[in-house]
Each structure stands twice: as structure tokens, then as C-alpha cells.
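Examination of the molecular architecture
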Amino acid sequence: MRSVLAYSAARVLLFFSTAGVLFLLGARGLLLLALAVLISGLISFVLLARQRDAMSAVVSENVRDKRRRFEAARSREDGPDDPGTSPPA
């Protein structure tokens, strides 16, 4: 979870830093927001690749763990399959 927070904080910081620089350069309004999103996205794609990979690994592992627990709970709830019995009509 720590990597998710670190990556998110870095993205937000990068966005506001980019927006600040663009504001000082004279961009305002919707142009400022659009350029800040575009430029900070490109910069983060390059600079935050390692953090993004770490975050992705954590999120993927959490999803796999939840899926395993769901499948285990479902199999406990269903009980053992008995091929000799048919489902009620």
C-alpha cells in the first residue's frame, strides 16, 4: 500500500509543479490544466516508471489474493460436488 501512496503523491506533486511552471509562463484557465495534465503525464511516464511498476505489482498481488480468498469461500459454501445427484427442479 505504501507504493500506491508514494506513486500517487509523486504524480500529484509533479502535476502541481508543472502547473506552477506553466502559470509562471503565462498559461491560464483550461489551457493551463490541459497542458499540465499532458506534460506531467509524459514526465511521469519516464520518471516514475519504477514506482509505477512497484505499485502495479502490489495492486496485482492484492487482486490475486482477494480472488483466491473468494474462490476458497465459494468452494466452502458450495460444498463437495456429488455427480450422482441432480440439482432440484
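Quick look at the structure, then. (Residues numbered from 1 in each chain as written. Predicted model: local features only at pLDDT ≥ 70, side-chain atom pairs only at ≥ 80, totals over all residues. Heavy atoms only, no water.)

1. Some remarks on the overall build of the protein
To be explicit about the condition: By the criteria applied, helices consist of DSSP H or I runs no shorter than four residues and strands consist of E runs no shorter than two, each listed in order from the N terminus. Here the Shrake-Rupley method, with its probe set to 1.4 Å, supplies the accessible areas, and only the displayed protein chains count as covering residues.
When helices and strands are counted, the protein shows three helices and zero strands. If you list the helices and strands of the protein from N to C, you get α-α-α. Accessible surface for the protein amounts to roughly 7200 Å². Of this, 67% is attributable to carbon and sulfur atoms.

2. Regarding the packing of aromatic side chains
The criterion, for reference: Whether two aromatic rings pair depends on their centres lying within 6.5 Å, for rings of Phe, Tyr and Trp, where Trp uses its six-membered ring; planes under 30 degrees apart make the pair stacked, over 60 edge-to-face, and the rest tilted.
Taken as a whole and assessed by the stated rule, the structure comprises one aromatic pair. For the ring pair phenylalanine 15 and phenylalanine 16, a centre distance of 5.3 Å and an interplane angle of 70 degrees mean the geometry is edge-to-face.

3. Points about the pattern of salt bridges
Oppositely charged side chains may form a pair once their charged atoms are brought near each other. Definition in use: The working definition used for a salt bridge is a side-chain nitrogen of Lys or Arg within 4 Å of a carboxyl oxygen of Asp or Glu. Partly exposed residues are those whose accessible area sits between 20% and 50% of the maximum for their type, while under 20% is buried and over 50% is exposed, using a 1.4 Å probe and protein chains only.
Enumeration according to the criterion identifies five salt bridges in this entry. A salt bridge links aspartate 65 to arginine 68; the nearest nitrogen and oxygen atoms lie 3.9 Å apart. With aspartate 65 and arginine 68 both in helix α3 (residues 49-78) and three residues apart, the pair spans about one turn of that helix. Its relative accessible area of 30% is what places aspartate 65 among the partly exposed residues. Judged by its relative accessible area of 48%, arginine 68 is partly exposed.

4. What about the packing of helix α2 (residues 29-47) against α3?
Two numbers describe a pair of packed helices, the interaxial angle and the distance between the axes. Put simply, the test is: Whenever a helix is involved, its axis is fitted only over the stretch in contact; in every case the axis is a line through C-alpha atoms, and angles between N-to-C directions fall within 0 to 180 degrees. Roughly parallel covers angles under 35 degrees, roughly antiparallel covers those over 145, roughly perpendicular covers 65 to 115, and oblique covers all other angles. When checking whether two residues touch, look at their non-hydrogen atoms; a contact exists if any pair is within 4.5 Å. The nonpolar class holds Ala, Val, Leu, Ile, Met, Phe, Trp, Tyr, Cys and Pro. Asp, Glu, Lys and Arg form the charged class, and all remaining residues, Gly among them, are polar.
Closest axis-to-axis distance for the α2/α3 pair is 5 Å, and the angle between their directions is 75 degrees. By the angle class used here, α2 and α3 are roughly perpendicular. Packed against α2, whose contacting residues are Ser44, Phe45, Val46 and Leu47, the element α3 presents Ala49, Gln51 and Arg52 at the interface. Across the contact of α2 with α3, the residue classes break down as four nonpolar, two polar and one charged.

5. With respect to the packing of helix α1 (residues 2-24) against α3
Worth spelling out the cut-off: Two helices crossing with the near one rotated counterclockwise from the far one by less than a right angle form a left-handed crossing, whereas a clockwise rotation gives a right-handed crossing.
Here α1 crosses α3 at 140 degrees, and the two axes come no closer than 8 Å. Classified by the interaxial angle, the pair formed by α1 and α3 is oblique. Here the hand of the crossing between α1 and α3 comes out left-handed. Residues Ser3, Val4 and Tyr7 of α1 pack against Gln51, Arg52, Ala54, Met55, Val58 and Val59 of α3.

None of the figures reported here should be taken as evidence of function without further support.
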